[in-house]
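Structural description and commentary
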Amino acid sequence: MGERKLRIMVAKPGLDGHDRGARVLARCFRDAGFEVIYTGCHQTPEQIAASAIQEDVDVVGLSCLSGAHRYLFPRVVELLKEQEAADITVIGGGVIPDQDFQLLYDAGIKEIFTPGASLDSIVEWIRNNVKPS
Amino acid sequence: MYFSNDVLEQTPKLRKQWEDEVKKAIEKQADQKELWSTVSDLEIKRIYGPEDIKDMDFERDIAYPGQFPYLRGNQVTGYRGRYWTFRMFAGMGSAKDTNRRWHMLLQQGQTGLSTAFDFPTLMGYDTGDPHARGECGKCGVAIDTLEDFLQLVDGIPLDKITTSMTINPPATVLWAMYCAAADRQGVPLTKIGGTIQNDMLKEFIAQKTFMCPPKPSVKLISDTVEFGTQFVPKWNTISISGYHIREAGSTAVQELAFTLRDGIEYVDDVIKRKGLDVDSFAPRLSFFFNSHIDFFEEICKMRAARRIWSTVMRDRFKAKDPRSWWMRFHTQTAGCSLTAQQPYNNVVRTAIEALAAVLGGTQSLHTNSLDEVWCLPTEHAVEIALRTQQIIAEETGTANTIDPLAGSFFVESLTNEMEEKAWEYIEKIDAMGGMIAAIEKGFPQMEIADAAYKYQRQLESGEKVMVGVNKYATGEADAIPVLDIDDRVETEQMERLKAVKRKRDGKAVKRSLDAVRTACNKGENVMPHCIEAVKNLASLQEICDVYREVYGEYQDPAMY
């Protein structure tokens with residue numbers, strides 16, 4: 001039996017509809033051999049946490065380009081912790097100014113990818129930092 | 001025939017000589033790469049000559065401005081009578097913050113206003129709704145009730161300045177607020193001018209700001225067209241938009257084709273649903289294109305767009321008024337072409353894209369600010385972007401003559417090629433039963449997803465270049481000033497909404513919301529009822545909740 005495939009959920013929290021990056025990444029993760037669940041746009045943090053647990057994912061990748069990441073990203077981590085799913089790695093990306101990085105790291109976001117990050121660098125980070133459980 | 005026989009007889013000999021020289025030259029120095037293509041991956045030849053446009057007919061295909069097929073523009077005087085409208089998209093924080101930015105822009109020489117709303121407003125939610133947490137004022141202005149709107153347009157003479165509002169699912173509500181605000185200023189509806197974007201099809205295709213399913217969404221749009229035709233004759237009721245399709249990753253041809261096919265769908269619906277004569281409303285339809293970084297491809301796209309639309313309106317819809325044949329459009333430079341790395345390079349990109357839009361004959365233009373990859377633009381960055389337009393208009397000489405690239409072998413040939421490829425898409429979507437049917441199949445969505453993924457892969461491999469990102473990268477961050485929208489805007493806005501709800505007449509609100517509901521249920525025009533409801537201080541979400549209740553909600557099919 002081979003190693004279980006890494007399961008990743010690409011999620012769009014909040015009302016932001018800029019989904020080009022999220023959809024490109026979903027496809028890229030699929031091509032990289034991950035099992036991908038894409039939530040579509042307009043998910044509340046509650047919906048994202050619930051589906052992440054239900055789908056038993058290893059990673060949640062949050063994408064937000066609306067500027068609401070300071071509320072939405074930490075909220076997802078908080079909800080996962082509350083539901084004893086703190087082992088799920090949460091990463092994020094989008095239009096996120098440098099000045100917000102520390103706040104997000106402190107809230108439990110493990111890595112942040114901003115415009116211009118290469119697909120390969122994101123896949124590599126996940127392979128190096130997350131093992132399928 | 002565009003060329004005399006003499007020219008066409010000489011051509012093959014001269015061409016052969018040149019080709020022989022090319023062969024020799026390549027032996028000495030090979031080309032840097034094999035395939036040369038546009039940013040949309042359209043292959044471009046080393047040279048274009050008379051042979052590439054020999055089948056063109058000057059009168060039929062090119063002609064002069066103001067003459068069918070309007071390839072060269074609608075206006076016979078070009079930019080000499082007036083330049084395009086310098087219209088910077090602006091909105092952030094509270095209505096008061098945005099009003100202040102608007103006054104700054106008008107003072108700096110801007111000639112029209114353009115409103116960016118925050119996501120809750122765009123999606124038909126009030127500040128404080130659980131769906132809207134954290135979003136208030138972040139990427140546009142927050143509007144909950146007419147009180148906010150009145151503050152937004154404070155000191156703006158609505159009979160003199162035209163305003164564009166980028167608003168889609170709740171377009172009826174925001175337009176109703178604009179009408180009510182005009183009423184407060186004592187300006188009759190016949191005197192106000194502006195645009196509501198009000199293009200839902202591209203939302204399902206690309207921008208993903210949706211509320212109700214496609215069919216009722218289109219019904220609400222036809223309501224606005226009918227209301228505008230009857231009562232607000234200077235208003236552009238739909239801005240049929242390719243911008244977002246392109247930003248979502250489409251090619252230039254896809255942007256052209258899907259946008260025009262969306263336009264066909266709207267015209268069809270208004271004629272069938274409302275029984276309006278095509279010439280009574282078609283002159284008020286406007287368009288909105290992206291100007292991306294591939295200079296000639298953009299110019300050709302805009303020229304082709306005018307020629308396709310005039311043909312569609314005359315031949316498909318039998319419009320008789322030449323104004324119905326005109327494609328009038330706004331352009332915005334491509335946000336997706338800008339880079340977070342080395343952000344000052346974005347000034348250069350935007351200038352080139354703006355120049356393409358002007359050479360393509362745009363009627364109105366927004367130039368992006370250098371910092372928009374990071375945040376809403378700071379005042380200084382916006383000023384540079386506005387000055388870019390003023391430099392093009394008043395220093396470069398570009399506006400001296402109309403359609404200066406006409407007759408270029410390359411430009412005419414590429415215009416023809418893009419038009420042909422767009423027609424192929426339009427015919428394909430016709431065969432599917434129209435754009436709503438195509439959207440339900442996921443056709444345009446997946447075409448765009450394929451193009452976006454392909455482009456991203458080309459960036460990864462270095463086949464396509466973004467300077468500062470995958471080539472000439474320095475690895476150092478250029479620190480630029482970033483505009484931050486304080487999280488306090490949200491709590492203050494929630495307080496404002498509460499205060500309005502306390503002071504308004506609850507019975508009048510309920511009565512007017514019931515009237516909106518009845519209109520929805522009976523298939524009547526909602527606009528008069530919306531205006532009544534906003535005047536009674538019904539909130540944006542209260543009206544949108546009626547739409548959700550009657551028409552249902554659309555869920556993202558999450559295709560990738």
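Per chain, residues are indexed from 1 in the order of the written sequence. Whichever chain is written first becomes A and whichever ligand is written first becomes 1, with later ones labelled in order. It should be noted that, the model being predicted, local features are given only for residues of pLDDT at least 70 and side-chain atom pairs only at 80 or more, the latter also being counted only at that level, while totals for whole chains, interfaces and linings use all residues.

Under the DSSP-based scheme used, a helix requires at least four consecutive residues in state H or I and a strand at least two consecutive residues in state E, with every element numbered from the N terminus. Helix and strand content of chain B: 22 helices and 9 strands. Our radius of gyration is a C-alpha quantity, and the globule rule it is checked against amounts to 2.2 Å times the number of residues to the power 0.38. For chain B, the C-alpha radius of gyration of 24 Å lies close to 24 Å, the compact-globule estimate for 560 residues. Its C-alpha atoms give chain B principal-axis dimensions of about 85 × 60 × 45 Å. Counting other C-beta atoms within 10 Å of its own, a residue is labelled buried from 20 upward, exposed at 12 or fewer, and partly exposed in the gap between, with every C-beta atom placed from the backbone. Residues classed as buried in chain B amount to 51% of the 560 residues present. Within chain B, contacts between residues at least 6 apart in sequence are counted, and of these 77% link residues at least 24 apart. Any two residues are considered in contact once their C-beta atoms, placed from the backbone, lie within 7 Å.

On the side of chain A, 32 residues touch chain B, which itself brings 36 residues to the contact. Looking at the side of chain B that touches chain A, the elements with two or more residues in it are helix 4 (119-122) and helix 18 (443-461) of chain B. Here the side of chain B that touches chain A gets 5 residues from one element, more than from any other, and that element is helix 18 of chain B. Each residue gets one label: Ala, Val, Leu, Ile, Met, Phe, Trp, Tyr, Cys and Pro are nonpolar, Asp, Glu, Lys and Arg are charged, and the others, such as Gly, are polar. Its residues assigned to classes, the side of chain B that touches chain A comprises 21 nonpolar, 8 polar and 7 charged.

Once that is clear, we can look at the sheet that holds strand 7 (residues 285-291) of chain B. Pairing between the strands of a sheet comes from backbone hydrogen bonds, and it takes one of two forms, parallel or antiparallel. Residues and elements named next belong to chain B. The criterion for strand pairing is that DSSP finds at least two bridges linking the strands in question. Within the open sheet, the 9 strands sit side by side as 5-4-3-2-1-9-8-7-6. Their pairing is parallel. Looking at strand neighbours, the two that pair on one side only are strand 5 (235-236) and strand 6 (238-241), the edges of this open sheet. Here 4 bridges tie strand 1 (residues 85-90) to strand 2 (residues 112-115), and the two strands are oriented parallel to one another. Within strand 2, the residue paired with A90 across the bridge is T115. Think of each axis as a best-fit line through the C-alpha atoms, taken over the contacting stretch in the case of a helix, with angles from 0 to 180 degrees between the N-to-C directions. The sheet strands contacting helix 10 (residues 252-274) are strand 6 and strand 7, and the helix crosses strand 6 at an angle near 145°.

Residues and elements named next belong to chain B. In contact at an axis separation of 10 Å, helix 20 (residues 506-522) and helix 22 (residues 540-551) are set at 30° when each is read in the N-to-C sense. Between helix 20 and helix 22, the angle is such that the two are roughly parallel. The two elements helix 20 and helix 22 cross, and the hand of that crossing is right-handed. Mapping the contact onto sequence places L513, V516, R517, C520 and N521 in helix 20 and E542, I543, V546, Y547, V550 and Y551 in helix 22. Grouping the constituent residues of the contact of helix 20 with helix 22 by class yields 8 nonpolar, 1 polar and 2 charged. Every angle not falling under 35 degrees, over 145, or within 65 to 115 is termed oblique; those three ranges are roughly parallel, roughly antiparallel and roughly perpendicular. A crossing counts as left-handed when the near helix is turned anticlockwise from the far one by less than a right angle, and as right-handed when that turn is clockwise.

The first and last C-alpha atoms of helix 1 (residues 20-31) of chain A sit 17 Å apart over 12 residues, in line with the 16 Å expected at 1.5 Å per residue. The buried fraction of helix 1 of chain A is high, at 10 of 12 residues. Here helix 1 of chain A has its buried residues at R20(A), G21(A), A22(A), R23(A), V24(A), L25(A), A26(A), R27(A), C28(A) and F29(A). In this structure, the buried residues of helix 1 of chain A make contact with strand 1 (7-11), strand 2 (35-38), strand 3 (59-64), strand 4 (89-94) and helix 5 (119-129) of chain A together with helix 18 of chain B. Once helix 1 of chain A finishes, G33(A) follows within two positions and takes phi at roughly 95°, a positive value. A helix is expected to reach a length of 1.5 Å times the quantity of its residues less one.

We now examine the pairing of strand 7 of chain B. Residue and element names in this part refer to chain B. Counting buried residues in strand 7 gives 7 out of 7 residues, a clear majority hidden from the surface. As judged from the 4 bridges shared by strand 6 and strand 7, these two strands associate in the parallel manner. The residue bridging S241 from the neighbouring strand is F288, located in strand 7. Note that strand 7 and strand 8 (residues 329-333) share 5 bridges and pair parallel. Within strand 8, the residue paired with F289 across the bridge is T331.

Moving on: the pairing of strand 8 of chain B. Residue and element names in this part refer to chain B. Most of strand 8 is tucked away, with 5 of its 5 residues classed as buried. A two-sided burial pattern is seen for strand 8, the buried positions comprising F329, T331 and T333 on one face and H330 and Q332 on the other. Note: strand 8 against strand 9 (residues 364-366), 3 bridges, orientation parallel. Note that in strand 9 the partner of Q332 across the bridge is H366. Taken together, strand 8, helix 14 (residues 345-359) and strand 9 form a β-α-β motif whose crossover is right-handed. Think of it like this: strands point away, you trace from the first strand over the helix to the second, and a clockwise trace means the crossover is right-handed.

Take the confidence of the model for chain B next. For chain B, per-residue confidence averages 96 on the pLDDT scale, and 99% of positions sit at 70 or higher. Predicted complex, confidence summary: ipTM 0.93, pTM 0.96. As a per-residue quantity, pLDDT reports the predictor's confidence and falls between 0 and 100.

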